[in-house]
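What follows is the residue order along each chain.
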Amino acid sequence: MPVEYPPIALRLSWLKSWGSCGNGFWKCMPSTAAVTRMSDRLLTVREAAEMLGLKPSTMYALAYERRIATVKIGRALRFKTSELEKLVKRSERPALRSFSERDNGE
């Protein structure tokens, strides 16, 4: 059964706070409510682009083409982290062959 990891933004926030938590890993884990709130955090275009490793202009293009859901607050364009994760999930391409098949010459 595959392991479900928390969203990348949440994992990065854990890494930043790791040094301030002296009671071990499980004491540092946020509550379920905190995880839910973090998954719907609104990111700026620059933050969203950095999270995905893209240019901000690419994020604007994705929003313009309606390939990703956005939130407009006044003139500000924002992206939900949960929507970025959905985009990544939709964009996944499965491997055609595993390394073991390739190494065996199959």
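Structure's up top.
The structure displayed is predicted, hence computed values, not measured ones. (Residues numbered from 1 in each chain as written. Predicted model: local features only at pLDDT ≥ 70, side-chain atom pairs only at ≥ 80, totals over all residues. Heavy atoms only, no water.)

Draft legend 1. Fine view of the overall build of the protein chain. Secondary structure summary: the protein chain contains seven helices and three strands in total. Residues counted as buried form 19% of the 106 residues belonging to the protein chain. For the protein chain, contacts bridging at least 24 residues in sequence account for 51% of all contacts bridging at least 6. Of the roughly 8700 Å² of accessible surface on the protein chain, a fraction of 55% belongs to carbon and sulfur atoms. (Helix = DSSP H or I, 4+ residues; strand = E, 2+ residues; numbered from the N terminus. Buried < 20%, exposed > 50% of the residue type's maximum accessible area, 1.4 Å probe, protein only. Contact = heavy atoms within 4.5 Å. Areas by Shrake-Rupley, 256 points an atom, 1.4 Å probe, with all protein chains shown as cover.)

Draft legend 2. Up close: the sheet that holds strand β1 (residues 42-43). Ordered by their spatial adjacency, three strands build an open sheet running β1-β3-β2, and the pairing between neighbours is antiparallel. Of all strands in the sheet, those with a lone pairing partner are β1 and β2 (71-73), marking the two edges. Note: β2 against strand β3 (residues 76-80), three bridges, orientation antiparallel. Residue pairing for β3: V71 is matched across the bridge by R78. (Pairing = 2+ DSSP bridges.)

Draft legend 3. Fine view of unusual backbone geometry. With phi around 60 degrees, R66 is a residue other than glycine that occupies positive phi space. Counting through the fold element by element, R66 comes out in the loop between α5 (56-64) and β2.

Draft legend 4. Molecular detail of the packing of helix α4 (residues 45-52) against α5. One can describe the packing of α4 onto α5 by two numbers: an axis separation of 8 Å at closest approach and a directional angle of 105 degrees. Viewed along their axes, α4 and α5 adopt a mutual orientation that is roughly perpendicular. Where α4 abuts α5, its residues V45, A48, A49 and L52 lie against P56, M59 and Y60. Residues belonging to the contact of α4 with α5 are distributed by class as follows: seven nonpolar, no polar and no charged. (Axes fitted to C-alpha atoms, helices over the stretch in contact; angles between N-to-C directions. Parallel < 35°, antiparallel > 145°, perpendicular 65-115°, else oblique. Nonpolar A, V, L, I, M, F, W, Y, C, P; charged D, E, K, R; others polar.)

Draft legend 5. A look at the pairing of β3. By the alternation rule, side chains of β3 split into L77 and F79, which are all buried, and A76, R78 and K80, of which none is buried. For β1 and β3, the ladder comprises two bridges, and the chain directions are antiparallel. The residue bridging L43 from the neighbouring strand is F79, located in β3. Linking β2 back to β3 in an antiparallel pair, the connection comprises two residues, with G74 at a positive phi of about 65 degrees.

Draft legend 6. Region of the structure containing the nonpolar core. In this structure, L43, V45, A48, A49, M59, L62, A63, I68, L77, F79, L84 and L87 together form the largest nonpolar core, which totals twelve residues. Setting aside residues up to four positions removed in sequence, A49 forms contacts with L54, K55, P56 and M59. (Core = buried A, V, L, I, M, F, W, Y, C linked by side-chain atoms within 4.5 Å.)

Draft legend 7. The arrangement of the environment of R41 in detail. Along the polypeptide, R41 turns up in the loop between α3 (32-39) and β1. Each C-alpha atom, one on R41 and one on K80, is 5.6 Å from the other, the two residues being 39 residues apart in sequence. With residues near it in sequence (within four places) discarded, R41 still touches E47, F79, K80 and T81.

Draft legend 8. The arrangement of the pattern of salt bridges in detail. Tallied over the full model, the rule gives three salt bridges. For the salt bridge of R41 with E47, the shortest nitrogen-to-oxygen distance reads 3.7 Å. A salt bridge links E65 to R67, with the shortest nitrogen-to-oxygen separation between them at 3.5 Å. (Salt bridge = Lys/Arg side-chain N within 4 Å of Asp/Glu carboxyl O.)

From the geometry alone we can't say anything about function, so treat these as descriptive.
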